[in-house]
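# Analysis of the macromolecular model
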Amino acid sequence: MKSLSTLSVDELKLIKEVLENKELQEDLNQLLVVREIQPFLVEKYQSSRLPEFYNEYKEKCSYLLSQLTYNDVKFLEASCGDVGNNMGGRFYLREPVAYERASMNVGYLEAFFDGDNQNVRLYEGVYNTLNYMRSSICRTLHDGITLESKQDLFKDYDEKFKIAFSSIREIAAELFELKMKIPNSRISVSNQTLTKTTQKKGQSITIRQENLINAVIFGSSLESLKNKDYSNAKRLLFVPRSSVNKGENV
């Protein structure tokens, strides 16, 4: 640590101001806490993270994903089009036997990403959303809830949408607060609209806000939404590998 005698006048004045101002002292303490836990948060929010019990339900999870098309989960389609989250630009699913969007098999993404670090690096936003869906499905199965077909994944959809719609500002605010604590973090669905959504007024919503709602309810149970528990939606956050490799603000 530098000796006080080596500091400039401006630096000494700043120290004096902090020592005499309780609000600045509190801000400094909070900043120190955040900086100290940042490395842990970066590690915690990797796009590859999956529940510890994932392997137990991997086969059933893959089966359910193979039943889904982009039309079933349009928030995933939105994730594919978010160039800010994907270094490779807009992601197009190129399944050899199916080119029409309505017939695209979401399960194909598993083969595209698993074991291919280059694909993950180029389209990490899509990869994170896939793992968000995997985590949600496996967590539901782990809770003892039966999922036999894709229809079971959308049980209570209308009621869940209504609840999430009425709480969209609150949901966005909770996600935004966490995002601000994690250096270089992004949300793999509707990242660009998060700040605006925290200040939303009126009853109308944009397509991006609708995508965020659909992503949240895919990963949340009806009971958790009723209890205003949005913790599962935080799985949408991730820290891109490119940011970690460059060491930007980490």
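Up top you'll find the structure we're talking about.
Residues numbered from 1 in each chain as written. Predicted model: local features only at pLDDT ≥ 70, side-chain atom pairs only at ≥ 80, totals over all residues. Heavy atoms only, no water.

### Considering the packing of helix α7 (residues 124-142) against helix α12 (residues 207-218)
Viewed as axis vectors pointing N to C, α7 and α12 meet at an angle of 35°, and their least axial separation amounts to 9 Å. Contact with α7, carried on its side by Tyr132, Met133, Ser136 and Ile137, involves Ala215, Val216 and Phe218 of α12 and no other residues of that element. Among the residues forming the contact of α7 with α12, the class breakdown is 6 nonpolar, 1 polar and no charged. (Axes fitted to C-alpha atoms, helices over the stretch in contact; angles between N-to-C directions. Helix = DSSP H or I, 4+ residues; strand = E, 2+ residues; numbered from the N terminus. Contact = heavy atoms within 4.5 Å. Nonpolar A, V, L, I, M, F, W, Y, C, P; charged D, E, K, R; others polar.)

### Side note on the packing of aromatic side chains
Using the criterion set out here, one finds 11 aromatic pairs in the structure. Between Phe53 and Tyr57, the aromatic rings sit 6.1 Å apart at their centres with planes inclined by 80°, giving edge-to-face as the arrangement. Just as Phe53 is buried, Tyr57 falls in that class too. An angle of 50° between the planes, with centres 5.3 Å apart, marks the rings of Phe113 and Tyr127 as tilted. With Phe113 in helix α5 (residues 108-113) and Tyr127 in helix α7, this pair connects stretches of sequence that are 14 residues apart. (Phe/Tyr/Trp six-rings, centres within 6.5 Å; stacked < 30°, edge-to-face > 60°. Buried < 20%, exposed > 50% of the residue type's maximum accessible area, 1.4 Å probe, protein only.)

### Considering unusual backbone geometry
Not every positive phi belongs to a glycine, and Asp156 is a case in point at roughly 65°. Given a relative accessible area of 34%, Asp156 falls into the partly exposed group. At Ser190, a position not held by glycine, the phi torsion is positive, near 60°. Position of Ser190 relative to the elements: it lies in the loop between β1 (186-187) and α11 (194-198).

### A few points about the environment of Lys160
Within the element layout of this structure, Lys160 appears in helix α9 (residues 157-166). With a relative accessible area of 7%, Lys160 lands in the buried category. For the pair Lys160 and Leu225, spaced 65 residues apart in sequence, the C-alpha to C-alpha distance is 7.1 Å. The residues contacting Lys160, other than those within four sequence positions of it, are Lys155, Ile217, Ser220, Ser221, Leu222 and Leu225. Engagement of the side chain of Lys160 in a polar contact is seen with the backbone oxygen of Ser220, the distance being 2.8 Å. (Polar contact = N/O pair within 3.5 Å; in protein donor to acceptor, adjacent residues only side chain to side chain.)

### Here's the deal with the environment of Gln192
Note that Gln192 resides in the loop between β1 and α11. The sequence separation of Gln192 and Asn85 amounts to 107 residues, and the corresponding C-alpha distance is 9.9 Å. Separated by 2.8 Å, the side chains of Gln192 and Arg208 make a polar contact.

### With respect to the environment of Arg241
Summarising the element assignment, Arg241 is placed in helix α14 (residues 241-246). The partly exposed category is assigned to Arg241, whose relative accessible area is 28%. Sequence spacing of Arg241 and Asn184 is 57 residues, and the spatial spacing of their C-alpha atoms is 9.9 Å. Non-local contacts of Arg241, meaning those with residues more than four positions away in its chain, are made with Ser47, Ser48, Asn117, Val120, Glu124 and Tyr127.

Limitation: the analysis is restricted to geometry and does not speak to function.
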